[in-house]
Each structure stands twice: as C-alpha cells, then as structure tokens.
Amino acid sequence: MSSALLTRMHRAADLATRHILTTQRDNGSWLAVPDPRITETALCTLALARSPIPGAARAAERGRAWLATAAPQRHHPVAQAVETALLSLALDTGEAVDVGHPAFADRAFSARARLLQVVALHTARPTRGGAGPAALRARLAAAVAAPERLKRWTQVELWSAHALVEIHFGDRMSARRAARMIADQQSPSGDFFANPVTTALAALALQAAAPGTAATRRCAEHLLAGQLPDGTWRFVTSDVWDTALTLRVFQGAAAFDHHGLPAAVAFLAAAQNPDGGWPYRSGVESDNDTTAAALIALAGASGAPGTVIRAGLRHLAGQQTPDGLWRTWQSAGDPPVDDVIAHVVTALDRHSGRHRIPLAAARDWLTGRRAEQGRWHAGWYQGPAYATAEVLPALDAAAHEGGHPAARALAETRNPDGGWPVETGGPSTPATTGLALAALERGGVLDDAHWLPGLEYLVDTQCADGTWPGVPLMYGPRPLLAHFPTQNHALAAEGLFAGLRRLHAAAGAAAPAHGAD
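Residues numbered from 1 in each chain as written. Predicted model: local features only at pLDDT ≥ 70, side-chain atom pairs only at ≥ 80, totals over all residues. Heavy atoms only, no water.

Asks: It is not clear to me how the layout of surface pockets should be interpreted in this structure. Could you clarify?
Replies: Over the atoms rolls a probe the size of a water molecule, and in doing so it shows where empty space is left. Of the pockets and cavities examined, the second largest pocket occupies roughly 300 Å³. What lines the second largest pocket is a set of 15 residues, and nearest its centre among them are Ala194, Pro196, His222, Gly226 and Arg234. Contributions of two or more residues to the lining of the second largest pocket are made by helix H9 (196-209) and helix H10 (214-226). Counting residues per element, the lining of the second largest pocket draws most heavily on H10, which supplies three residues. Residues of the lining of the second largest pocket, tallied by class, amount to eight nonpolar, five polar and two charged. (1 Å grid on protein atoms, 1.4 Å probe; cavity = no way out; pocket = protein on both sides within 12 Å on 5 of 7 lines; lining within 4 Å. Points joined across faces, edges and corners; volume = space filled by probe spheres on them. Helix = DSSP H or I, 4+ residues; strand = E, 2+ residues; numbered from the N terminus. Nonpolar A, V, L, I, M, F, W, Y, C, P; charged D, E, K, R; others polar.)

Asks: What should I look at first to understand helix H17 (residues 360-373) in this one?
Replies: Given 3.6 residues to a turn, an α-helix orients residues that are three or four positions apart in the same direction. The terminal C-alpha atoms of H17 lie 20 Å apart, and with 14 residues this matches the ideal 20 Å at 1.5 Å per residue to within 8%. Along H17, the residues classified as buried are Ala362, Trp365 and Leu366. Relative to the axis of H17, the buried residues are bounded by an arc of 100° and lie together on one face. Turned more than 90 degrees from where H17 packs its buried face, Ala360, Asp364 and Ala371 sit exposed. Elements in contact with the buried residues of H17: helix H16 (338-350) and helix H18 (384-391). Just downstream of H17 lies Gly374, where phi reads positive at about 85°. (Expected span 1.5 Å × (residues − 1). Buried < 20%, exposed > 50% of the residue type's maximum accessible area, 1.4 Å probe, protein only. Arc of directions from axis to C-beta. Contact = heavy atoms within 4.5 Å.)

Asks: For this particular structure, what's the right way to read the environment of Arg176?
Replies: Mapping Arg176 onto the fold places it in helix H8 (residues 172-184). Look at Arg176 and you get partly exposed, because its relative accessible area is 38%. A sequence separation of 298 residues divides Arg176 from Met474, and the C-alpha atoms of the two residues are 36 Å apart.

Asks: I tried to follow the pattern of salt bridges on my own but got confused; where do I start?
Replies: A side chain with one charge may pair with a side chain of the opposite charge, provided their charged atoms come close. According to the stated counting rule, one finds 18 salt bridges in the structure shown. Where Arg137 meets Asp171, a salt bridge forms, and the shortest distance between an N and an O atom there is 4.0 Å. Here Arg137, found in helix H6 (residues 133-145), pairs with Asp171, found in the loop between helix H7 (152-168) and H8; they are 34 residues apart in sequence, far enough to count as distant. On the basis of relative accessible area, Arg137 is assigned to the partly exposed category, the value being 27%. A salt bridge links Arg501 to Glu441, with the nearest nitrogen and oxygen atoms 2.7 Å apart. Of this pair, Arg501 sits in helix H22 (residues 485-506) while Glu441 is found in helix H20 (residues 430-443), placing the two residues 60 residues apart along the sequence. On the basis of relative accessibility, which here comes to 11%, the residue Arg501 falls in the buried class. (Salt bridge = Lys/Arg side-chain N within 4 Å of Asp/Glu carboxyl O.)

Structure below.
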C-alpha cells in the first residue's frame, strides 16, 4: 500500500470526524431529516386537501407541485405499488389503485394493501385486487376488537382505517368511537408519534368522523406547520438510533472522544425509557434493535452509568421469547429478523459479565438463517453488506480459516470501480462500501486485493465537507426505503476506520483505538 493512500485515508477520517462533530446537536445527539419521497407527501397532501382550515388548500397545491415530478421507488413491487397508488390518489388522476401483486400477501406488507384500499374507498377510487369493501370492513372490525398488543402508531393507523371504512358504510357511531380513541393518542402539538404517515391518516379519519373538533383542527394545523419549503413532508427522524450508530463508528477517534463522546453518552443515558429499553427516537416506545445498539455503543464508553447498562440488560432479558429469540417491537406478530437478533447477541456479549441470558439458541438461529437463505437478510437496511457486517460480530467468525464464508462471498461482489453495490450488479455506493469493508474486517478476510480498491473508492467519493453521497438504504415502513444523511455518513466512515485498523495492523504499527463491532 502506498504512503499516499494512507495519508489520504487519515485526512478523510479527519474530515469525516470534523463533520460529525459540527453536526452534533446541543443535547449531544445527532438527527438528520431524511430525503423526501412520495409516501409522506402524498398522504399529507390528501389530508390537507380535505381540510377547511386556512392555508390547507395552498399547502396541498404545493405538495402536488412537488409530486408532479416525483418518481415511485422501484426496488420492491410493494414499494412501487404503494408509491404509484399514493401518487395517483394525491394528484387525482383517476386510475384504479392496484393491490393485486402477490407480494401483498406477505404478512409484513398486508397493512400496506389495507392502507391503499382504505384511502381508495374514502376517495371513491376503484381498486384492483385485494378484499372487497365488505370484507375489508369485517377484517378491520376484527382487528380493532382483537386483544393483540400493537405498536401505538400502528394502533392509531388501525383505528383511522376503521373510522374511514365505517363512514363509508354509514355507521357514524362506530366511526366517532374510533375517532375518540385516535384523539386520546394525540400529542399536545397535534401529531401522532411525530410520524407523518400516522398523522395524515389520523387527519383523514378525524376530518371524516369528528369534523370541527379540537383534535381535528390541531392535527391539520400540525400538518400545515410541518410542510417544508420544497412542499414536502418527511419520514420520521431517529435521534436515538442515529446517535447510537454514530457512537459505534466514531468512538476511538481522539477528537471525537474529547469533543463529542461525553455529550453523546449523556444523551443516550437520558433517552432510556422507564422500562429500561431505548426507542429509535425520543418519546416513543422501546424497541429491541435500538436497545441493543445503545448497549453496544455504551460498552466501554467513558461515563456510561452502570445503572443504565443494567436496566438495558434487564429489558432485553424480559423481551426474550420462549424460543430464545427477540422481536424488533413489543407487539404481536412481529417476526424475528437477522440484524436485530445479531445486535442483541452482540450487545449481550459486550456485557457478558453482567447477565446470564442464554444465547445459544439465537446463535444457532443466525447460523441456520444463512444456511436456509444463502445469505443473511437484514430487516432494517437493504442489501447483503449491512446484514453481513452486523451479523458477523454475533458469531465466531475467527473460527473459519481464510475468513468467514459470508464475508468471502460478499468480497466477491465488489464492482470494478472498487466499491460495493447495495444489491449485486447495481452501482457502488459509499455506505455499502463502508459496510462491506467492515464485514471483511469482522469476517477475517484480509486480502489487499479487496481492501485497497474499496479504500480508494471511499477516499475518492468523499465530498469536500467530509460527507459522502448516499441513496435510500434504510427500510421504514418496510419495504419502502429512506435516506438518512447521518446514517449514510456513519456507515461510509465505518469502512474507512476499518481500513485504517487493517493497514496499521499489516504494517506492524499500533492500531488506532477504533474498536471493530
């Protein structure tokens, strides 16, 4: 390796660290507004187009102006169908809403079909595929009456759908009951869990079932105030997740440890919920993925209170299912996914002296998942690079001579430009290249033929301000993708720091303090 590349890598790492320090918020966290997409803007536009409050009609016009040039996501048939339908509904093109794709039968995506069918019914738009209005009504009534625990925002979306369908069938009493349940979950500022999708659906339901009420007015006013200058609304922000990820990547850089780490640790400690878990964003319920990520980030971090760590471990112990696994959410029907299980196992490994939680079943499950699927699939980020990088720390990668087979397989998907694609055969991106290099480090693949082109790619694609260009990578709500600049930055930088550790080790020098996850 040339000294010129090493010099450029150190400079790139310094630039990346400087950027992350300049974007840290006063409370110690990181938070970035995601890029715009059709889903949020179309739903908020639909809600305001039906609101009588001053300024709503103009806001809807601005939303439609942005939507007129927007293109649906096409990486997954359900994502494409959802955004195509919402675009048509918001622009009032009159086309039938198509929910006939077989992928909608997947339990994880059936709620997306329900959303489209309900909005189509409310706006008198024909549909293709899916249940008819009577069957949709029966299913919603049964779901509302079921005792299953749901995420709070999912419950509001369910009540909203129920209210809209009951209005369609003329049962205003049932719709008003649902509207009261919705209003009980509204924040003082008028939103629902800071989620524009949930808030827009609630606005449609409240306008139809409880017109003129304070809850209806506050909801519309919140949507009106939340529109950005470009006419869009954006997906939820995730300050707790973003901060945990940033800590995991940048902890060990001298400037970060001195200037950024103490406030970040204090923020994570303060963000812990009373149940001991962490939410993906401040103010919502705990999830096991963010709880595990926070515990990984706090492992070995100076200033991490022991009481906070112990409470987090107790929370994960209480969330373990009878088969030895963990869901993402504390809700019925949520399936275990590879990255969440791996994060929990890794977090518990990092704090192994403080608990007696059995992990053998979870490790066996992760091993079996790769055998069944041919690779790991993450529930929260697209592509094999993230899944491989996040699962390997939960397993004994060092047991494989020449590197873990999953890391070797990932290495072979590198593009001729030196970077790695989100999915094999696609264009390279800095975030997936950073993740791929982290996976090679964690999987024990040390071949410079893979490392050096990847590092060259990261250095070459870095912007003057220390950031990297990005693409939508995080799922939410699945299978839609969102691009969060803070996450993109951390994931690209992760590969750069992995490369510095690798090259210093190969040169026989003392490695930087960055610990590999």
